[in-house]
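For reference, the chains in residue letters:
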Protein chains: 2
Amino acid sequence: MNCPSYTRFFETFSNKTRMKIIAELISGAKSVNYICKRINEEQSKVSHNLKKLSECNFINVKAEGKKRIYSLNKDTIKPILKLVEKHVKTYCNEECHKK
Amino acid sequence: MNCPSYTRFFETFSNKTRMKIIAELISGAKSVNYICKRINEEQSKVSHNLKKLSECNFINVKAEGKKRIYSLNKDTIKPILKLVEKHVKTYCNEECHKK
DNA sequence: AATTCATATGAAATAGAAATCATATGGGAT
DNA sequence: ATCCCATATGATTTCTATTTCATATGAATT
C-alpha cells in the first residue's frame, strides 16, 4: 500500500472548507465567486482550497469568459461520500466528536 | 451533509502513522508492542494514534492478559481503501505529490 | 491602452495536529 | 505487597496546514 498517496488523498478531504466546497458542488458546477457566496467564505480562501482539490483531481475546471467553473469528479467523490455516510450513521455518536 | 463528521472521518485517515497501523492490521489483529515493532514506531506514538482510530471506530480492542489486541473494522476500512486505490491509480501521478 | 471584474498566488501570521518525553495505570507473576 | 511487563495518558514542544492580506494575472469591455 502506497501510504503517502493514501494520506494525501484523505488529507485533501479532511478540511471543513474543502468539504463545504465539495458539498456545494454536488448540486452542479459553479464559479468561484458563486461558491464563495453560497458557502460564505472569502474568495482567496476558496481559491487556495480549490487548488488543493484540483491537484488531487477531485474537481475539474473549465474557463467561461473570465469566470472559472469548477465541477466535481463524481467518479471518486460520490462513492466515497456514500461509504463515509454509512460509517458515520452506523458508528458515530457524540463520542466520535469529543476531541 | 454533516461536514464536521465527514472531516473528522477523513482527518483520522490522513496521517502516515495511522495509515501504517491500518496497513499493518489488514493482515490480522495485533498487540500494541507487536505493531510498534512491525512499523518501527515508538510505543506512545502508536498508542496515541490507536486511540484516535478507536474513537472513530476504525478499529476495535480486546484485552488478552496484559496485552491489548487491536483489530480493523473491516466493514469500513476495506471498501474505503479500495475506492482510494482506484482513484490513485486513475488520477495520481507525480503532479499529485508536489506540495 | 486603460479600467473593471473574476480569480490566482505568495508571504506572513495563526491555528491545529502530531510527536515526544516523562510518568501513570493496570494486569499478572513472584 | 512488590516487581515487571504492556499499554495509556498528560503536558510540552515541534511541525505542518490553514487563513489572511496584499497584490498579481488575465480576460473582457470601453
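Right, let's walk through the structure included here. The structure displayed is predicted, hence computed values, not measured ones. (Residues numbered from 1 in each chain as written. Chains lettered and ligands numbered in written order. Predicted model: local features only at pLDDT ≥ 70, side-chain atom pairs only at ≥ 80, totals over all residues. Heavy atoms only, no water.)

### A short note on the relation of the copies chain B and chain A
Superposition of the two copies of the chain requires a rotation about an axis together with a shift along that axis.
Part 1 of the reasoning: Overlaying chain B with chain A gives an RMSD of 0.1 Å, the required rotation being 180° about an axis along which the chain moves by 0.0 Å. Taken together, the rotation angle and the small translation identify this as a two-fold axis. Among all C-alpha atoms of chain B, that of Phe10(B) lies closest to the rotation axis, at 2.6 Å. (Least-squares fit on C-alpha atoms with pLDDT ≥ 70 in both.)

### Some details on the protein's contact with DNA strand D
Part 1 of the reasoning: If you check the shell around DNA strand D, you find 23 residues, and the closest are Asn33(B), Gln43(B), His48(B), Arg68(B) and Tyr70(B).
Part 2 of the reasoning: What you see for DNA strand D is that sugar and phosphate hold 62% of its atoms within 4 Å of the protein.
Part 3 of the reasoning: In the environment of DNA strand D, a phosphate oxygen lies 2.9 Å from a nitrogen or oxygen atom belonging to the side chain of Thr17(A).
Part 4 of the reasoning: The side chain of Arg68(B) places a nitrogen or oxygen atom 2.5 Å from a phosphate oxygen of DNA strand D. (Near = heavy atom within 4 Å. Polar contact = N/O pair within 3.5 Å; in protein donor to acceptor, adjacent residues only side chain to side chain.)

### Describing the interface of chain B and chain A
Part 1 of the reasoning: Between chain B and chain A, the residue contacts involve 37 residues of the former and 37 residues of the latter.
Part 2 of the reasoning: Together, the buried faces of chain B and chain A total about 3600 Å²; carbon and sulfur atoms form 70% of this surface.
Part 3 of the reasoning: In terms of surface lost to chain A, no three residues of chain B exceed Tyr6(B), Phe10(B) and His87(B), which account for 17% of the buried area on that side.
Part 4 of the reasoning: At the boundary of chain B and chain A, one finds zero salt bridges.
Part 5 of the reasoning: Where chain B touches chain A, the interface holds eight residue pairs in polar contact (both at pLDDT 80 or more).
Part 6 of the reasoning: Mapped by element, the contributors of at least two residues to the side of chain B that touches chain A are α1 (3-13), α2 (16-25), α5 (74-91) and α6 (94-97) of chain B.
Part 7 of the reasoning: Residue contributions to the side of chain B that touches chain A peak at 11 residues, all from α5(B). (Contact = heavy atoms within 4.5 Å. Buried area = accessible area lost by both parts, 1.4 Å probe. Salt bridge = Lys/Arg side-chain N within 4 Å of Asp/Glu carboxyl O. Helix = DSSP H or I, 4+ residues; strand = E, 2+ residues; numbered from the N terminus.)

### Observations concerning the protein's contact with DNA strand C
Part 1 of the reasoning: Contacts to DNA strand C come from 24 residues, most closely from Asn33(A), His48(A), Arg68(A), Tyr70(A) and Lys52(B).
Part 2 of the reasoning: When atoms of DNA strand C within 4 Å of the protein are split into backbone and base, the sugar-phosphate part holds 60%.
Part 3 of the reasoning: One of the side-chain nitrogen or oxygen atoms of Asn49(B) is found 3.1 Å away from a phosphate oxygen of DNA strand C.
Part 4 of the reasoning: Here a base nitrogen of DNA strand C and a side-chain polar atom of Lys66(B) are 3.5 Å apart.
Part 5 of the reasoning: Put simply, the parts of the chain that give the surface near DNA strand C at least two residues each are α3 (32-39), α4 (43-55) and β3 (67-72) of chain A together with α2 and α4 (43-55) of chain B.
Part 6 of the reasoning: Taken together, the residues of the surface near DNA strand C break down into two nonpolar, 12 polar and 10 charged. (Nonpolar A, V, L, I, M, F, W, Y, C, P; charged D, E, K, R; others polar.)

### A word on the pattern of salt bridges
Residue and element names in this part refer to chain A.
Part 1 of the reasoning: By the definition in use, this model includes 12 salt bridges over all chains.
Part 2 of the reasoning: Across the pair Lys20 and Glu41 runs a salt bridge, and its minimum N-O distance is 2.9 Å. With a gap of 21 residues between them, Lys20 in helix α2 (residues 16-25) and Glu41 in the loop between α3 and α4 connect regions that are remote in the sequence.
Part 3 of the reasoning: Close ionic contact of Lys30 with Glu24 constitutes a salt bridge, the shortest N to O distance being 3.5 Å. For the residue pair Lys30 and Glu24, the accessibility class agrees, reading buried in each case. (Buried < 20%, exposed > 50% of the residue type's maximum accessible area, 1.4 Å probe, protein only.)

### Details of the pairing of strand β2 (residues 59-64) of chain B
Residues and elements named next belong to chain B.
Part 1 of the reasoning: Pairing between β2 and strand β3 (residues 67-72): six bridges, direction antiparallel. Among the inter-strand pairings, Asn60 is bridged to a residue of β3, identified as Ser71.
Part 2 of the reasoning: The hairpin turn running from β2 into β3, its antiparallel successor, is two residues long, and Gly65 in that turn takes a positive phi close to 60°. (Pairing = 2+ DSSP bridges.)

### Structural notes on the nonpolar core
Part 1 of the reasoning: Phe10(A), Phe13(A) and Phe13(B) are the most contacted members of the largest nonpolar core, which has 52 residues in total.
Part 2 of the reasoning: Apart from residues no more than four positions distant in its own chain, Phe13(A) is found in contact with Met19(A), Ile22(A), Phe58(A), Ile77(A), Ile80(A), Leu81(A), Thr7(B) and Phe10(B). (Core = buried A, V, L, I, M, F, W, Y, C linked by side-chain atoms within 4.5 Å.)

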